[in-house]
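# A structural walkthrough
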Amino acid sequence: MAITAPRGTQDFLPEQTAEWQMLEAKIRRICALYGFGEIRTPLFENTELFLRGIGETTDVVTKEMYTFVDRGGRSMTLRPENTASVVRSFLEHKLYGEQKVHKFYYMGPMFRHDRPQAGRYRQFNQFGVEAIGSKDPAVDAEIISLAFQLFRELGLNDLVLHLNSVGCPSCRPIYRQKLLDFFADKKESLCDDCRERLEKNPLRVLDCKADGEKMMNMGVPLITEHLCESCQSHFQQVQQYLQAVGIPFVKDPRLVRGLDYYTNTAFEIMYAPLGAQSTVCGGGRYDGLIAEVGGPSTPGIGFAVGMERLLLTLKEQGLLTVPVGVPPIFIVALGEAARAKAFVLQQALRARQIAAEIDLMGRSMKGQMKAANKAGAGYTVIIGEEELARQEVQVRNMMTKEQIAVPMNELVTYMESNRRDD
Ligand code: ATP
Ligand code: MG
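An unreviewed UniProt entry lists the chain under the name Histidine--tRNA ligase, with Megasphaera lornae as the source organism. What UniProt states about the chain under its Catalytic activity (unreviewed entry) heading is, verbatim, "tRNA(His) + L-histidine + ATP = L-histidyl-tRNA(His) + AMP + diphosphate + H(+)". Its UniProt record gives the chain the following Sequence similarities (unreviewed entry) comment, quoted word for word: "Belongs to the class-II aminoacyl-tRNA synthetase family."

Below, the structure written as C-alpha coordinates:
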(Lines give C-alpha, C1' and ligand atoms only; values in the text may rest on other atoms or scores of the structure.)
(Ligands and ions follow the chains in the order given, each with its own letter.)
Protein backbone atom coordinates (compact mmCIF):
# COMPACT_ATOMS: atom_id res chain seq x y z
CA MET A 1 0.00 0.00 0.00
CA ALA A 2 1.20 3.49 -0.83
CA ILE A 3 2.40 5.60 2.06
CA THR A 4 0.37 8.75 2.64
CA ALA A 5 1.06 11.86 4.75
CA PRO A 6 0.23 11.28 8.44
CA ARG A 7 -3.34 12.09 9.50
CA GLY A 8 -3.76 15.76 10.32
CA THR A 9 -0.77 16.88 8.23
CA GLN A 10 -0.78 18.47 4.79
CA ASP A 11 1.49 18.94 1.83
CA PHE A 12 1.56 22.39 0.31
CA LEU A 13 2.30 22.22 -3.38
CA PRO A 14 3.97 25.18 -5.12
CA GLU A 15 0.67 26.88 -6.03
CA GLN A 16 -0.34 26.87 -2.36
CA THR A 17 3.06 27.84 -1.04
CA ALA A 18 2.72 30.96 -3.16
CA GLU A 19 -0.27 31.86 -0.96
CA TRP A 20 1.75 31.17 2.18
CA GLN A 21 4.61 33.31 0.94
CA MET A 22 2.25 36.19 0.22
CA LEU A 23 0.92 35.97 3.78
CA GLU A 24 4.38 35.58 5.32
CA ALA A 25 5.71 38.60 3.44
CA LYS A 26 2.82 40.73 4.71
CA ILE A 27 3.39 39.53 8.27
CA ARG A 28 7.12 40.25 8.14
CA ARG A 29 6.50 43.75 6.85
CA ILE A 30 3.95 44.62 9.53
CA CYS A 31 6.10 43.15 12.31
CA ALA A 32 9.03 45.28 11.17
CA LEU A 33 6.74 48.32 11.14
CA TYR A 34 5.80 47.66 14.78
CA GLY A 35 9.40 46.98 15.83
CA PHE A 36 9.12 43.22 16.33
CA GLY A 37 12.14 41.08 15.40
CA GLU A 38 11.92 37.44 14.38
CA ILE A 39 12.91 34.72 16.82
CA ARG A 40 13.44 31.09 15.76
CA THR A 41 13.47 28.45 18.46
CA PRO A 42 13.85 24.65 18.14
CA LEU A 43 10.91 22.55 16.94
CA PHE A 44 11.35 20.31 19.98
CA GLU A 45 12.14 21.11 23.58
CA ASN A 46 12.54 19.28 26.87
CA THR A 47 9.04 18.13 27.83
CA GLU A 48 9.45 19.80 31.23
CA LEU A 49 9.34 23.24 29.57
CA PHE A 50 5.80 22.71 28.32
CA LEU A 51 4.62 21.13 31.58
CA ARG A 52 5.64 24.29 33.38
CA GLY A 53 5.08 26.81 30.62
CA ILE A 54 1.66 25.67 29.38
CA GLY A 55 0.38 24.05 32.57
CA GLU A 56 -0.12 20.44 33.56
CA THR A 57 -3.91 20.70 33.68
CA THR A 58 -4.45 22.14 30.20
CA ASP A 59 -5.87 20.13 27.30
CA VAL A 60 -2.73 20.81 25.30
CA VAL A 61 -0.51 19.17 27.90
CA THR A 62 -2.82 16.37 29.05
CA LYS A 63 -4.13 15.27 25.66
CA GLU A 64 -2.38 16.84 22.73
CA MET A 65 1.42 16.71 23.00
CA TYR A 66 3.71 14.74 20.73
CA THR A 67 6.09 13.48 23.37
CA PHE A 68 8.86 10.95 22.78
CA VAL A 69 11.92 9.59 24.52
CA ASP A 70 15.08 10.32 22.54
CA ARG A 71 18.03 7.95 22.20
CA GLY A 72 19.61 9.47 25.26
CA GLY A 73 16.55 8.56 27.34
CA ARG A 74 15.34 12.18 27.67
CA SER A 75 11.69 13.14 27.30
CA MET A 76 11.26 15.53 24.37
CA THR A 77 8.15 17.17 22.95
CA LEU A 78 7.41 18.69 19.56
CA ARG A 79 6.39 22.24 20.37
CA PRO A 80 2.57 22.60 20.60
CA GLU A 81 2.94 26.41 20.74
CA ASN A 82 5.83 28.86 20.82
CA THR A 83 5.38 31.10 23.87
CA ALA A 84 7.10 28.72 26.30
CA SER A 85 10.09 28.41 23.96
CA VAL A 86 10.36 32.18 23.50
CA VAL A 87 10.35 32.64 27.26
CA ARG A 88 12.96 29.90 27.70
CA SER A 89 15.14 31.56 25.11
CA PHE A 90 14.62 34.98 26.72
CA LEU A 91 15.91 33.55 30.01
CA GLU A 92 18.68 31.44 28.51
CA HIS A 93 20.14 34.50 26.80
CA LYS A 94 19.58 36.63 29.92
CA LEU A 95 17.75 39.25 27.90
CA TYR A 96 16.05 40.45 31.09
CA GLY A 97 19.36 42.20 31.80
CA GLU A 98 18.32 44.95 29.43
CA GLN A 99 15.40 47.02 30.72
CA LYS A 100 13.18 47.53 27.70
CA VAL A 101 10.24 45.95 25.93
CA HIS A 102 11.66 42.97 24.04
CA LYS A 103 9.49 42.43 20.99
CA PHE A 104 9.59 39.09 19.19
CA TYR A 105 7.61 37.48 16.44
CA TYR A 106 7.69 33.92 15.15
CA MET A 107 6.15 31.89 12.37
CA GLY A 108 6.27 28.17 11.92
CA PRO A 109 4.86 24.71 12.53
CA MET A 110 3.32 23.58 15.84
CA PHE A 111 2.26 20.05 16.70
CA ARG A 112 -0.84 18.91 18.57
CA HIS A 113 -2.66 15.61 18.64
CA ASP A 114 -5.99 17.32 17.87
CA ARG A 115 -8.96 15.77 16.05
CA PRO A 116 -8.31 16.68 12.42
CA GLN A 117 -11.01 18.63 10.54
CA ALA A 118 -11.19 21.83 8.49
CA GLY A 119 -9.06 24.41 10.33
CA ARG A 120 -7.74 21.86 12.83
CA TYR A 121 -4.62 19.85 12.08
CA ARG A 122 -1.89 17.95 13.91
CA GLN A 123 0.86 19.94 12.29
CA PHE A 124 -0.25 23.53 11.76
CA ASN A 125 1.39 26.93 11.54
CA GLN A 126 1.20 29.83 13.89
CA PHE A 127 2.32 33.39 13.54
CA GLY A 128 2.66 35.03 16.92
CA VAL A 129 4.19 37.93 18.79
CA GLU A 130 5.50 38.26 22.33
CA ALA A 131 6.24 41.60 24.00
CA ILE A 132 8.21 41.00 27.18
CA GLY A 133 9.19 43.53 29.82
CA SER A 134 6.32 45.98 30.30
CA LYS A 135 3.01 46.00 32.14
CA ASP A 136 1.81 49.09 30.28
CA PRO A 137 -1.72 48.64 28.87
CA ALA A 138 -0.47 50.44 25.75
CA VAL A 139 1.47 47.26 24.92
CA ASP A 140 -1.75 45.24 25.06
CA ALA A 141 -3.39 47.70 22.67
CA GLU A 142 -0.29 47.76 20.47
CA ILE A 143 -0.24 44.03 19.78
CA ILE A 144 -3.99 43.95 19.18
CA SER A 145 -3.51 46.84 16.73
CA LEU A 146 -0.79 44.87 14.97
CA ALA A 147 -3.14 41.90 14.48
CA PHE A 148 -5.88 44.24 13.26
CA GLN A 149 -3.64 46.03 10.82
CA LEU A 150 -2.62 42.66 9.37
CA PHE A 151 -6.24 41.52 9.00
CA ARG A 152 -7.35 44.82 7.53
CA GLU A 153 -4.49 44.96 5.04
CA LEU A 154 -5.48 41.48 3.95
CA GLY A 155 -8.96 42.87 3.30
CA LEU A 156 -10.72 41.24 6.26
CA ASN A 157 -13.14 43.58 7.95
CA ASP A 158 -15.67 41.38 9.65
CA LEU A 159 -13.51 39.78 12.28
CA VAL A 160 -14.73 40.27 15.83
CA LEU A 161 -12.43 41.02 18.74
CA HIS A 162 -13.55 39.49 22.04
CA LEU A 163 -11.94 41.12 25.04
CA ASN A 164 -11.78 40.26 28.71
CA SER A 165 -9.66 40.60 31.81
CA VAL A 166 -8.82 37.55 33.89
CA GLY A 167 -7.57 39.56 36.88
CA CYS A 168 -4.43 38.70 38.77
CA PRO A 169 -3.27 36.43 41.62
CA SER A 170 -4.63 38.92 44.14
CA CYS A 171 -8.24 39.17 42.85
CA ARG A 172 -8.69 35.91 40.98
CA PRO A 173 -8.69 33.49 43.95
CA ILE A 174 -11.63 35.35 45.46
CA TYR A 175 -13.52 35.06 42.19
CA ARG A 176 -12.55 31.42 41.88
CA GLN A 177 -14.07 30.71 45.28
CA LYS A 178 -17.27 32.57 44.30
CA LEU A 179 -17.46 30.36 41.24
CA LEU A 180 -16.99 27.19 43.28
CA ASP A 181 -19.66 28.32 45.75
CA PHE A 182 -22.02 29.09 42.89
CA PHE A 183 -21.64 25.65 41.37
CA ALA A 184 -21.60 23.78 44.71
CA ASP A 185 -25.27 22.81 44.41
CA LYS A 186 -25.39 22.79 40.61
CA LYS A 187 -22.83 20.13 39.74
CA GLU A 188 -25.60 17.92 38.35
CA SER A 189 -26.40 20.43 35.65
CA LEU A 190 -22.83 20.49 34.34
CA CYS A 191 -21.48 18.33 31.53
CA ASP A 192 -18.81 15.70 32.32
CA ASP A 193 -16.01 17.90 31.02
CA CYS A 194 -17.10 20.81 33.19
CA ARG A 195 -17.32 18.70 36.32
CA GLU A 196 -13.72 17.77 35.72
CA ARG A 197 -12.79 21.39 35.00
CA LEU A 198 -14.45 22.47 38.24
CA GLU A 199 -11.95 20.30 40.09
CA LYS A 200 -8.84 21.28 38.21
CA ASN A 201 -9.42 24.62 36.64
CA PRO A 202 -12.81 26.14 37.55
CA LEU A 203 -12.48 29.26 35.39
CA ARG A 204 -12.51 27.09 32.29
CA VAL A 205 -16.09 26.05 33.08
CA LEU A 206 -17.36 29.33 31.66
CA ASP A 207 -15.66 28.61 28.39
CA CYS A 208 -17.68 25.38 27.91
CA LYS A 209 -18.72 25.04 24.28
CA ALA A 210 -21.85 23.07 25.27
CA ASP A 211 -23.24 24.97 28.26
CA GLY A 212 -21.46 28.31 28.38
CA GLU A 213 -24.50 30.28 27.23
CA LYS A 214 -26.75 28.51 29.69
CA MET A 215 -24.49 29.39 32.61
CA MET A 216 -24.60 33.06 31.71
CA ASN A 217 -28.38 32.89 31.97
CA MET A 218 -28.11 31.12 35.31
CA GLY A 219 -26.47 34.26 36.69
CA VAL A 220 -22.99 32.86 37.14
CA PRO A 221 -20.61 35.37 38.81
CA LEU A 222 -18.37 37.14 36.31
CA ILE A 223 -14.67 37.87 36.71
CA THR A 224 -15.11 41.44 35.50
CA GLU A 225 -17.24 42.15 38.55
CA HIS A 226 -14.49 40.91 40.84
CA LEU A 227 -11.39 42.67 39.54
CA CYS A 228 -9.16 44.49 42.00
CA GLU A 229 -8.57 48.19 41.48
CA SER A 230 -5.36 47.86 39.50
CA CYS A 231 -6.80 45.16 37.19
CA GLN A 232 -9.91 47.28 36.74
CA SER A 233 -7.80 50.25 35.72
CA HIS A 234 -5.62 48.21 33.36
CA PHE A 235 -8.72 46.84 31.63
CA GLN A 236 -10.19 50.34 31.30
CA GLN A 237 -7.03 51.70 29.75
CA VAL A 238 -6.76 48.91 27.20
CA GLN A 239 -10.32 49.65 26.13
CA GLN A 240 -9.63 53.38 25.89
CA TYR A 241 -6.58 52.82 23.69
CA LEU A 242 -8.54 50.52 21.38
CA GLN A 243 -11.42 52.97 21.13
CA ALA A 244 -9.00 55.79 20.41
CA VAL A 245 -7.61 54.00 17.35
CA GLY A 246 -10.96 52.71 16.11
CA ILE A 247 -10.66 49.01 16.91
CA PRO A 248 -14.12 47.65 17.75
CA PHE A 249 -14.46 44.95 20.39
CA VAL A 250 -17.05 43.09 22.40
CA LYS A 251 -16.50 42.47 26.08
CA ASP A 252 -16.73 38.75 26.65
CA PRO A 253 -16.62 37.71 30.33
CA ARG A 254 -16.61 34.04 29.29
CA LEU A 255 -13.20 34.36 27.73
CA VAL A 256 -10.89 32.92 30.37
CA ARG A 257 -7.57 31.26 30.83
CA GLY A 258 -7.43 29.10 33.89
CA LEU A 259 -3.79 29.25 34.85
CA ASP A 260 -2.31 31.41 37.56
CA TYR A 261 0.29 33.07 35.40
CA TYR A 262 -2.26 34.60 33.04
CA THR A 263 -3.15 38.11 34.12
CA ASN A 264 -5.34 40.97 32.94
CA THR A 265 -5.99 41.05 29.21
CA ALA A 266 -7.32 37.98 27.40
CA PHE A 267 -8.58 38.24 23.82
CA GLU A 268 -9.63 36.27 20.80
CA ILE A 269 -10.28 37.39 17.27
CA MET A 270 -12.98 35.33 15.61
CA TYR A 271 -14.32 34.67 12.16
CA ALA A 272 -17.72 33.14 12.92
CA PRO A 273 -18.26 31.16 9.69
CA LEU A 274 -15.43 28.80 10.67
CA GLY A 275 -17.71 27.33 13.36
CA ALA A 276 -15.84 25.40 16.03
CA GLN A 277 -12.60 26.59 14.41
CA SER A 278 -13.63 30.25 14.42
CA THR A 279 -10.79 31.59 16.59
CA VAL A 280 -8.21 32.94 14.19
CA CYS A 281 -6.14 34.67 16.88
CA GLY A 282 -5.87 34.09 20.61
CA GLY A 283 -3.76 36.01 23.06
CA GLY A 284 -3.29 37.51 26.44
CA ARG A 285 -1.07 38.81 29.17
CA TYR A 286 1.10 36.43 31.17
CA ASP A 287 2.79 38.47 33.90
CA GLY A 288 3.41 35.34 35.99
CA LEU A 289 4.79 33.03 33.30
CA ILE A 290 8.44 33.99 33.34
CA ALA A 291 8.69 33.46 37.09
CA GLU A 292 6.87 30.15 36.63
CA VAL A 293 9.56 28.81 34.31
CA GLY A 294 12.29 29.95 36.68
CA GLY A 295 13.19 33.51 35.70
CA PRO A 296 13.04 36.87 37.45
CA SER A 297 9.47 38.13 37.59
CA THR A 298 8.91 39.89 34.24
CA PRO A 299 5.61 40.87 32.61
CA GLY A 300 4.73 39.77 29.10
CA ILE A 301 1.94 39.58 26.57
CA GLY A 302 1.45 37.85 23.24
CA PHE A 303 -0.89 36.30 20.75
CA ALA A 304 -0.88 33.48 18.22
CA VAL A 305 -2.67 33.42 14.88
CA GLY A 306 -3.60 30.08 13.28
CA MET A 307 -2.26 30.63 9.78
CA GLU A 308 -4.26 27.83 8.15
CA ARG A 309 -7.43 29.32 9.62
CA LEU A 310 -6.43 32.75 8.40
CA LEU A 311 -5.87 31.40 4.88
CA LEU A 312 -9.22 29.56 5.02
CA THR A 313 -10.90 32.80 6.02
CA LEU A 314 -9.24 34.69 3.19
CA LYS A 315 -10.25 31.99 0.72
CA GLU A 316 -13.81 32.04 1.92
CA GLN A 317 -13.93 35.80 1.50
CA GLY A 318 -12.45 35.61 -1.99
CA LEU A 319 -9.46 37.64 -0.82
CA LEU A 320 -6.69 35.25 -1.69
CA THR A 321 -4.90 36.90 -4.57
CA VAL A 322 -1.48 35.65 -5.41
CA PRO A 323 0.80 37.63 -7.70
CA VAL A 324 1.59 35.81 -10.93
CA GLY A 325 5.16 34.60 -11.27
CA VAL A 326 7.78 36.06 -13.62
CA PRO A 327 7.10 34.91 -17.20
CA PRO A 328 10.12 32.92 -18.37
CA ILE A 329 11.85 32.97 -21.71
CA PHE A 330 11.29 29.62 -23.37
CA ILE A 331 14.02 28.41 -25.69
CA VAL A 332 12.75 26.11 -28.41
CA ALA A 333 15.50 24.03 -30.01
CA LEU A 334 15.53 21.24 -32.55
CA GLY A 335 18.36 18.73 -32.90
CA GLU A 336 21.29 17.77 -30.74
CA ALA A 337 23.54 20.78 -31.53
CA ALA A 338 20.73 23.32 -31.11
CA ARG A 339 19.74 21.76 -27.79
CA ALA A 340 23.29 22.09 -26.53
CA LYS A 341 23.24 25.79 -27.47
CA ALA A 342 19.82 26.20 -25.82
CA PHE A 343 21.18 24.85 -22.54
CA VAL A 344 24.10 27.29 -22.60
CA LEU A 345 21.81 30.23 -23.44
CA GLN A 346 19.41 29.23 -20.68
CA GLN A 347 22.23 29.39 -18.14
CA ALA A 348 23.57 32.66 -19.56
CA LEU A 349 20.12 34.26 -19.16
CA ARG A 350 19.72 32.92 -15.63
CA ALA A 351 23.16 34.24 -14.74
CA ARG A 352 21.75 37.70 -15.59
CA GLN A 353 18.68 37.07 -13.39
CA ILE A 354 16.37 36.37 -16.32
CA ALA A 355 14.08 33.34 -15.96
CA ALA A 356 14.56 30.85 -18.79
CA GLU A 357 13.40 27.34 -19.64
CA ILE A 358 14.18 24.71 -22.29
CA ASP A 359 12.37 21.57 -23.36
CA LEU A 360 13.32 18.52 -21.32
CA MET A 361 10.70 16.13 -22.67
CA GLY A 362 12.08 15.46 -26.18
CA ARG A 363 9.16 17.33 -27.73
CA SER A 364 8.77 18.18 -31.42
CA MET A 365 9.10 21.80 -32.53
CA LYS A 366 5.31 22.14 -32.37
CA GLY A 367 5.21 20.46 -28.97
CA GLN A 368 7.86 22.87 -27.68
CA MET A 369 5.90 25.88 -28.94
CA LYS A 370 2.86 24.59 -27.08
CA ALA A 371 4.92 24.08 -23.95
CA ALA A 372 6.18 27.67 -24.22
CA ASN A 373 2.60 28.90 -24.34
CA LYS A 374 1.60 26.77 -21.41
CA ALA A 375 4.55 28.01 -19.35
CA GLY A 376 3.24 31.56 -19.94
CA ALA A 377 6.47 32.54 -21.67
CA GLY A 378 6.93 36.24 -22.35
CA TYR A 379 9.31 35.44 -25.22
CA THR A 380 10.06 32.31 -27.16
CA VAL A 381 13.57 31.96 -28.53
CA ILE A 382 13.77 29.60 -31.51
CA ILE A 383 16.91 27.78 -32.62
CA GLY A 384 16.29 25.74 -35.76
CA GLU A 385 18.79 24.32 -38.25
CA GLU A 386 19.07 27.55 -40.24
CA GLU A 387 19.46 29.71 -37.17
CA LEU A 388 22.17 27.40 -35.93
CA ALA A 389 24.05 27.66 -39.21
CA ARG A 390 23.85 31.48 -39.02
CA GLN A 391 24.61 31.56 -35.28
CA GLU A 392 21.32 33.35 -34.79
CA VAL A 393 18.09 32.90 -32.87
CA GLN A 394 14.54 34.01 -33.63
CA VAL A 395 13.05 35.95 -30.74
CA ARG A 396 9.26 35.94 -30.65
CA ASN A 397 7.39 38.33 -28.40
CA MET A 398 4.47 36.22 -27.25
CA MET A 399 2.27 39.25 -26.58
CA THR A 400 2.73 41.15 -29.85
CA LYS A 401 3.66 38.04 -31.89
CA GLU A 402 6.49 40.06 -33.44
CA GLN A 403 9.54 38.04 -34.32
CA ILE A 404 13.06 39.17 -35.07
CA ALA A 405 16.44 37.56 -35.63
CA VAL A 406 19.13 38.24 -33.03
CA PRO A 407 22.75 37.03 -33.13
CA MET A 408 23.17 34.21 -30.66
CA ASN A 409 25.93 35.93 -28.71
CA GLU A 410 23.78 39.06 -28.34
CA LEU A 411 20.68 37.33 -26.98
CA VAL A 412 21.40 38.07 -23.33
CA THR A 413 22.07 41.77 -23.97
CA TYR A 414 19.00 41.97 -26.17
CA MET A 415 16.79 40.40 -23.51
CA GLU A 416 18.27 42.60 -20.80
CA SER A 417 17.51 45.78 -22.74
CA ASN A 418 14.04 44.47 -23.51
CA ARG A 419 13.42 43.84 -19.87
CA ARG A 420 14.30 47.42 -19.09
CA ASP A 421 11.73 48.61 -21.65
CA ASP A 422 8.96 46.45 -20.16
P1 ATP B 1 -9.02 25.79 19.74
O2 ATP B 1 -9.97 26.20 20.80
O3 ATP B 1 -9.48 26.10 18.37
O4 ATP B 1 -8.53 24.38 19.93
P5 ATP B 1 -6.75 26.72 21.19
O6 ATP B 1 -7.36 27.45 22.32
O7 ATP B 1 -6.25 25.35 21.38
O8 ATP B 1 -7.77 26.74 19.94
P9 ATP B 1 -4.41 28.41 21.09
O10 ATP B 1 -3.60 27.48 21.89
O11 ATP B 1 -4.88 29.69 21.69
O12 ATP B 1 -5.66 27.63 20.48
O13 ATP B 1 -3.66 28.70 19.70
C14 ATP B 1 -3.79 29.93 18.99
C15 ATP B 1 -4.39 29.73 17.62
O16 ATP B 1 -3.78 28.66 16.90
C17 ATP B 1 -5.86 29.31 17.64
O18 ATP B 1 -6.68 30.42 17.85
C19 ATP B 1 -6.03 28.73 16.26
O20 ATP B 1 -6.21 29.74 15.29
C21 ATP B 1 -4.72 28.05 16.03
N22 ATP B 1 -4.81 26.60 16.31
C23 ATP B 1 -4.82 25.98 17.51
N24 ATP B 1 -4.88 24.64 17.38
C25 ATP B 1 -4.90 24.41 16.03
C26 ATP B 1 -4.93 23.23 15.22
N27 ATP B 1 -4.95 22.02 15.76
N28 ATP B 1 -4.94 23.38 13.88
C29 ATP B 1 -4.92 24.60 13.31
N30 ATP B 1 -4.88 25.75 14.01
C31 ATP B 1 -4.86 25.67 15.35
MG1 MG C 1 -7.09 23.47 21.10
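### Some details on the sheet that holds strand E1 (residues 37-38)
The strand order E1-E5-E6-E11-E10-E9-E7-E8 describes an open sheet built from eight strands, whose pairing is mixed. Unpaired on one side and paired on the other, E1 and strand E8 (250-251) mark the two borders of the sheet. In terms of strand pairing, strand E7 (residues 160-165) meets strand E9 (residues 263-270) through six bridges, oriented antiparallel. Bridged to Leu161 within E9 is Ile269. Strands in contact with helix H5 (residues 137-153) are strand E5 (102-111), strand E6 (123-132), E7, E9, strand E10 (279-285) and strand E11 (300-306); relative to E11, the strand with the most contacts, it is inclined by about 20°. Lying on the sheet, helix H9 (residues 229-244) is in contact with E7, E8, E9 and E10; it crosses E7 at an angle near 160°.

### A look at the environment of Thr321
With respect to the secondary-structure elements, Thr321 resides in the loop between helix H11 (307-316) and strand E12 (329-333). The class for Thr321 is exposed, based on a relative accessible area of 57%. Separated by 302 residues in the primary sequence, Thr321 and Glu19 place their C-alpha atoms 7.7 Å from one another.

Conventions we followed
- Residues numbered from 1 in each chain as written.
- Chains lettered and ligands numbered in written order.
- Predicted model: local features only at pLDDT ≥ 70, side-chain atom pairs only at ≥ 80, totals over all residues.
- Heavy atoms only, no water.
- UniProt positions renumbered as here; feature names shortened; annotations may be inferred.
- Pairing = 2+ DSSP bridges.
- Helix = DSSP H or I, 4+ residues; strand = E, 2+ residues; numbered from the N terminus.
- Contact = heavy atoms within 4.5 Å.
- Axes fitted to C-alpha atoms, helices over the stretch in contact; angles between N-to-C directions.
- Buried < 20%, exposed > 50% of the residue type's maximum accessible area, 1.4 Å probe, protein only.

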